[in-house]
Amino acid sequence: MTNKIQWEFPQALEDEAIYILRETAAQFERPAILFSGGKDSITIVRLAQKAFYPGKVPFPLLHIDTGHNFPETIQFRDWLVESLGLDLIVRNVQDSIDQGKVQEETGKYASRNALQTVTLLDAIEELKFDACIGGARRDEEKARAKERIFSVRDEFGQWNAKMQRPELFDMLNGKIHLGENVRVFPISNWTELDVWNYIRRENLQIPSIYFSHEREIIERDGMYWPYSPFLNTTEEEVPFRQKVRFRTVGDMTCTAAVISEADKLEDIIGEILEAKISERGARIDDKRSEAAMEKRKQAGYF
Amino acid sequence: MEVLRITTSGSVDDGKSTLIGRLLYDTHSIPQDKMEALHAASKRKGLDFTDLSLLTDGLVAEREQGITIDVAHIYFSTPTRKYIIADTPGHIEYTRNMVTGASNAQVSLILIDARKGIVEQTYRHFFIASLLRIPYLVVCVNKMDLVEYSEARFNQIVEDFQALIASATFKAPSIKFVPISSLYGENVAARSEKISWYSGDSLLEYLEQITFDHADNSHPSRFKVQSVIRPKTEAYHDFRGFAGKVVSGHFNIGDEIISLPSQQKSRIKTIEQFETQLATAEARQSVVITLEDEIDTSRGSMFSKPENAPALLKEISAQVCWMDQQKLVPGKTYLLQHGINRVKAKVQQIQHVIDVTSNKIVEDKKELGLNDIGKITVKLAHPIFADSYDANPANGAFILIDEFSNSTVAVGFVD
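In the annotation of an unreviewed UniProt entry, chain B is listed under the name sulfate adenylyltransferase and assigned to Chitinophaga filiformis.

Within an unreviewed UniProt entry, the label attached to chain A reads Sulfate adenylyltransferase subunit 2, and the organism entered is Chitinophaga filiformis. Recorded in UniProt for chain A, the comment headed Sequence similarities (unreviewed entry) runs: "Belongs to the PAPS reductase family. CysD subfamily."

Here it is in structure tokens:
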């Protein structure tokens, strides 16, 4: 096989996602898009815009704000909402902490990542959302490979892998009991590369932290952590400036950077493809391979 | 770029996991760290090669733990196209997963162990591929290395399989036999030198060449309306567009259409995909259609060409695969979902149950439980606009939903 670069976006994936979003709008009373400001949720917003054009996007965006976001992500979020005329609902993890529903973690690995679930479930209950649209993809990890497109959650937001409904052809069964809700995953069949190729084809804006920029970082466990007031550091962890970018966007306390000069989409896609090619063997050494770095990040992350 | 969907099914030891691992490996779809983990795991097991079957380990672990075995989705791409493999276990108790995995597939990949030849599971895979009318059937005769790459052995298996096909009611328009060794990558991506008597394509070469008829000329034109878009903004004050999906066939601007159930006719004024105006909408595309006239159309309506509109069916006979722990209860009201429409449905009669392995009617069995396949008659509260599955698969399937549990309990194929 050749290693010709795969730039083209498979159109069937967009058609499928738009079909799913239209079914979501029709089958549920109060659907919402779970918006994190990351590339996957930006893709979902674009798909929703296209699915109902020239009508409005019939879903509000729900952002669970941990308070530890990259400021660039929040800026981007507000810009996107403003420029597309979307409705944005923000619920804060800080409120859940203040209400005593969750406790702030301590220690150098403290993060609010796990705390946001409680805030999310409260928001779903408060706002009576019966469907929450997310950007999860089956290629991300093994458990997600089993997710349905319409994934039913009980009153406590739990996913029961054993009780999943079979999904046949394109027929989506969104019937639920009162109190249950559905997570909808329109880009289930996309890979990371598909998302990037789509962003490129659609010429979408994304937060600046996806591109190479100089930033203060520290090194910990072989990963590069963004230095911020939210990160608990030890005395040995001295911040230094480095050109980096982020491959995924989460909180500043749990998203590691990769050393990169990629400042254009083409370069980012090139990096992903190169990381794939290096998988065959010794061409790029491990330290420079960002694929390995990212996976390590994920291992700590999940 | 095209997407090709493949369904594969098999047991732990027929080399299916190795084959999938090999396809991923040869298309450079395994990240470096995963590859390193594979090397290490293989070494721990005392192997002197990298065991690619460990990639799809999830399923094996599931089986050992006794939890639900499901459909796993695996993705890889080549410069030509993107592949989605729906991988399911092949035992009889997973028939419903096999049917689910096969429901979106264009290619059914059947693996045969060259040493064992055709076994019980082969019949089952073939039956399901036939039931679902999957157009491309690829039979991989695997583990050729264990039969010394014998041409005679391969020919014998091909002959046996041809006999099996001869007895079937449906024959895939394209059937391909490939002798492979997934362990050594012979004829998987690259052509094998060891199997010099075989001059055909490798598995991947064959998959790469499968062509698509986007206009879907062999099937009648059907468009399902998911919603009516009426922005009522100043710029789009009178806009009334029908957002939906081309189920089968194709539509051009200017085509006369009939809308069901209202039976009113009009012509297509525009076909839109966001800001782009299209001349044609092809099968599986999601578009917005506007019409010349205001006719009675809403969510659930179906457009077709007047000369070959689907019949309005209030009673159907269908093959079903039962997917729920609770058996089918004749006389009970279920919801039947055809495409995006749901109607109340009562199962009148279970006509017969089929043995998936022998393709014969099971004598004296008149009930449908989990994983059973049989024929039923159903009475509907409102008509559906379905084609027979045989004539037009994309508009001939339905699901049954239990009104109390809301579960999807069956999939059906209209006669």
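Q: Even after reading the chapter, I still don't get the overall build of chain A, so can you show me in this structure?
A: Looking only at helices and strands, chain A has eight helices and ten strands in total. Sorting the 302 residues of chain A into buried and exposed places 49% on the buried side. Intrachain contacts of chain A at a sequence separation of at least 6 include 73% that bridge at least 24 residues.

Q: Quick question: what am I supposed to make of the confidence of the model for chain B here?
A: Residues shown with low pLDDT carry predicted positions that ought not to be read at fine detail. For chain B, per-residue confidence averages 92 on the pLDDT scale, and residues scoring 70 or more make up 96% of the total. For this predicted complex, the interface confidence score (ipTM) comes to 0.95, while the overall pTM stands at 0.93.

Q: Help me out: how do you make sense of the domain arrangement of chain A in this one?
A: How big an interface is tends to be stated in terms of accessible area lost as the parts join. Residue and element names in this part refer to chain A. The domain boundaries assigned to chain A delineate domain 1 (11-201) and domain 2 (209-301). Listed by partner, the interface residues are 22 residues for domain 1 and 17 residues for domain 2. Looking at the side of domain 1 that touches domain 2 residue by residue, the classes come out as five nonpolar, eleven polar and six charged.

Q: Which parts of the structure should I look at to understand unusual backbone geometry?
A: The phi torsion of most residues other than glycine is negative, and most of the peptide bonds are trans. Cis rather than trans, the peptide bond between Tyr-53 of chain A and Pro-54 of chain A has omega equal to 0 degrees. Relative to the assigned elements, Pro-54 of chain A resides in the loop between helix H2 (39-52) and strand S2 (61-65). Cis peptide bonds are those with omega within 30 degrees of zero, and the linkage from Leu-260 of chain B to Pro-261 of chain B qualifies with 10 degrees. For Pro-261 of chain B, the location among the structural elements is in the loop between strand S10 (256-260) and strand S11 (264-273). Within the chain, His-28 of chain B stands out as a residue other than glycine whose phi angle is a positive 55 degrees. Within the fold, His-28 of chain B resides in the loop between helix H1 (16-26) and helix H2 (32-44). In this structure, Gln-263 of chain B takes a positive phi of about 65 degrees despite not being glycine. Its location among the elements puts Gln-263 of chain B in the loop between S10 and S11.

Q: What is the right way to look at the sheet that holds strand S5 (residues 150-153) of chain A in this model?
A: Hydrogen bonds along the backbone pair up the strands of a sheet, which may run parallel or antiparallel. Residue and element names in this part refer to chain A. Spatially, S3-S2-S1-S4-S6-S5 is the arrangement adopted by the six strands of the open sheet, whose pairing is mixed. Taken across any chain shown, the strands that pair with only one partner, and hence form the sheet edges, are strand S3 (88-92) and S5. Strand-to-strand twist of the sheet, defined as the mean angle between neighbouring strand axes without regard to direction, takes the value 30 degrees. As paired strands, strand S4 (residues 131-133) and strand S6 (residues 181-184) are joined by three bridges and run parallel to one another. Its bridge partner lying in S6, Ile-133 is registered against Val-184.

Q: When you look at the pairing of strand S3 (residues 81-89) of chain B in this model, what are you seeing that I'm missing?
A: One face of the sheet, then the other: side chains in a regular strand alternate in exactly this way. Residue and element names in this part refer to chain B. By the criterion of burial, S3 is predominantly enclosed, with eight of the nine residues buried. Alignment of strand S1 (residues 2-10) against S3, held across nine bridges, turns out to be parallel. When the sheet's bridge partners are listed, Val-3 is paired in S3 with Lys-82. Of the strand pairs in this sheet, strand S2 (residues 72-77) and S3 are connected by six bridges, and their pairing is antiparallel. Considered in S3, the bridge of Ala-72 is made with Asp-87.

Q: What is the right way to look at helix H3 (residues 71-84) of chain A in this model?
A: One full turn of an α-helix is made of 3.6 residues, so residues set three or four places apart face in the same direction. Residues and elements named next belong to chain A. For H3, built from 14 residues, the straight-helix expectation of 20 Å at 1.5 Å per residue is met to within 8% by its first-to-last C-alpha distance of 20 Å. Within the span of H3, buried status applies to Thr-73, Phe-76, Arg-77 and Leu-80. Down the axis, H3 shows its buried residues gathered within 105 degrees of arc, on one side only. Across from the buried face of H3, at angles greater than 90 degrees, the exposed residues are Pro-71, Asp-78, Trp-79, Glu-82 and Ser-83. Where the residues of H3 are buried, they touch H2 and S2. A positive backbone phi angle near 65 degrees is found at Gly-85, which sits one or two residues after H3.

What counts, and where the lines are drawn
- Residues numbered from 1 in each chain as written.
- Chains lettered and ligands numbered in written order.
- Predicted model: local features only at pLDDT ≥ 70, side-chain atom pairs only at ≥ 80, totals over all residues.
- UniProt positions renumbered as here; feature names shortened; annotations may be inferred.
- Helix = DSSP H or I, 4+ residues; strand = E, 2+ residues; numbered from the N terminus.
- Buried ≥ 20, exposed ≤ 12 C-beta atoms within 10 Å, placed from the backbone.
- Contact = placed C-beta atoms within 7 Å.
- pLDDT = per-residue confidence, 0-100.
- Domains from an automatic or database assignment.
- Nonpolar A, V, L, I, M, F, W, Y, C, P; charged D, E, K, R; others polar.
- Pairing = 2+ DSSP bridges.
- Axes fitted to C-alpha atoms, helices over the stretch in contact; angles between N-to-C directions.
- Expected span 1.5 Å × (residues − 1).
- Arc of directions from axis to C-beta.

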